[in-house]
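Topology and contacts: notes
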Amino acid sequence: MNIEVELFSRKDENEWQEFVRKHPNSCVYHTPEWSRVLESSFSFKNMSIIARKDGEIAGIMPLFLVKFPFLGKKLISIPFDTEFGGCLCYNNEIARVMVDFSKSIARKHGVKYLEIRSANELPYCHDFVRKNPVYHTHLTLTSIEDNWNRIKKNHRVAVKQSQKKGVKTFVTEEKEYLNILYEEFLKFFRSVASPFYPKRFFLHIHKLGMLKLVIAEYGEDVIGGSILLYFKDKVIYRFGVAKEEYLKLRPYNAIIWKCIEWAIQNGFKLMTFGYTYPSQKGLLKFKEGWGCVSKKSNHYYYTVNGTIPNFEKQYGKFIFIRGIYKRLPLAVIQPLGGVVRRWVC
């Protein structure tokens, strides 16, 4: 099989987009638009790979060079995701050639490591070290009636209670609601001492037309909401938040059910709920209560000039720093989060 591989360039964008549009396993993270979001929001360098057979695209591999002063360099497929990285193609031989090419890129740039994150086991990464640091959670979408019946009873009761108490939910794209949600996300992530994403990240996504906001209101107040990304038949539940003083109204349950309902009504077949650490047993149980299935994600590492990271363990070391972070004003943590997320991705 004569396979040629090369780095992605702007001239390949239309072909790349068409390949992604036709491939059954593609999602928003495979699109060239998403690559531009990562480049413009975090200054990642796009090192994505194209495989060609007889002049036609036969496979793609989203790949990004992440650099940070004093910390070094790493290659990741795909930043901020744990399940859609690696090669999008139709056979393992094409994938193997692309991965071999990605290893040569890693050596050329002297990175600490090359990391490929996937929901699936990747036989073409046989010489990588495999870790399973998180779970990913998927929900198959069929019909409103079927999905409702697959939800655990306590979640169904909570949805009905929320509606009965007057919580209203709706779907929108209006930027004013994005601004409201973003401030609530900053407050929530400050409370758990986790740097949040820069606002420009969401503004760039908003411009793509691949983002929906699910809003929960009580009276005149926005009490929570979620950010959904979508492409073809897949919806990604990217973030969700609710004001602490309204938690007794069960806004999270109302928001998630609205997300599921909207996705089914608009013909989507799969919803993903992001990653969960094994230590977050309560959160994992909550997600699975919606009829979801959770599996361990596969993170493959090819080391060059560094060691394999353990982000959850490292995060737990900074108790003192976390205590300070929780007391910082929002005006400080917003730009700080943008800096941190250039490496923690």
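This structure is a prediction, so every number in the text was calculated from the model and none was measured.

On to the sheet that holds strand S13 (residues 221–231). In space, the seven strands of this open sheet follow the order S11-S12-S13-S14-S15-S10-S16, with mixed pairing throughout. Sheet topology places strand S11 (167–172) and strand S16 (293–296) at the edges, where each strand pairs with a single neighbour. Neighbour-to-neighbour, the strand axes of the sheet open up by a mean angle of 25°, direction not taken into account. Of the pairings in the sheet, the one linking strand S14 (residues 234–242) to strand S15 (residues 270–276) comprises three bridges and is parallel in character. Residue pairing across strands places Val235 opposite Met271, the latter belonging to S15. Against the sheet, helix H8 (residues 251–265) engages strand S10 (135–140), S11, strand S12 (211–218), S13, S14 and S15, with an angle of about 160° to S14.

Now for the side chain of Thr276. When you line up the elements, Thr276 lands in strand S15. A polar side-chain atom of Thr276 sits 2.8 Å from a polar atom in the side chain of Lys287. Residues within four places of Thr276 in sequence aside, it is in contact with Val134, Tyr135, Leu283, Leu284 and Lys287.

This paragraph deals with the nonpolar core. Core analysis: the biggest nonpolar cluster contains 51 residues, and Tyr29, Phe196, Phe201 and Phe202 have the highest contact counts within it. Looking at which element gives the most residues to this core, the answer is helix H6 (residues 175–191), with seven residues. Filtering out sequence-adjacent residues up to four positions away, Phe202 remains in contact with Leu178, Tyr182, Phe196, Tyr197, Leu211, Ile227 and Phe239. Ranked by size, the runner-up nonpolar core spans 29 residues in total, among them Ala216, Ile255, Ile256 and Phe273.

Calculation notes
Residues numbered from 1 in each chain as written. Predicted model: local features only at pLDDT ≥ 70, side-chain atom pairs only at ≥ 80, totals over all residues. Heavy atoms only, no water. Pairing = 2+ DSSP bridges. Helix = DSSP H or I, 4+ residues; strand = E, 2+ residues; numbered from the N terminus. Axes fitted to C-alpha atoms, helices over the stretch in contact; angles between N-to-C directions. Contact = heavy atoms within 4.5 Å. Polar contact = N/O pair within 3.5 Å; in protein donor to acceptor, adjacent residues only side chain to side chain. Core = buried A, V, L, I, M, F, W, Y, C linked by side-chain atoms within 4.5 Å. Buried < 20%, exposed > 50% of the residue type's maximum accessible area, 1.4 Å probe, protein only.

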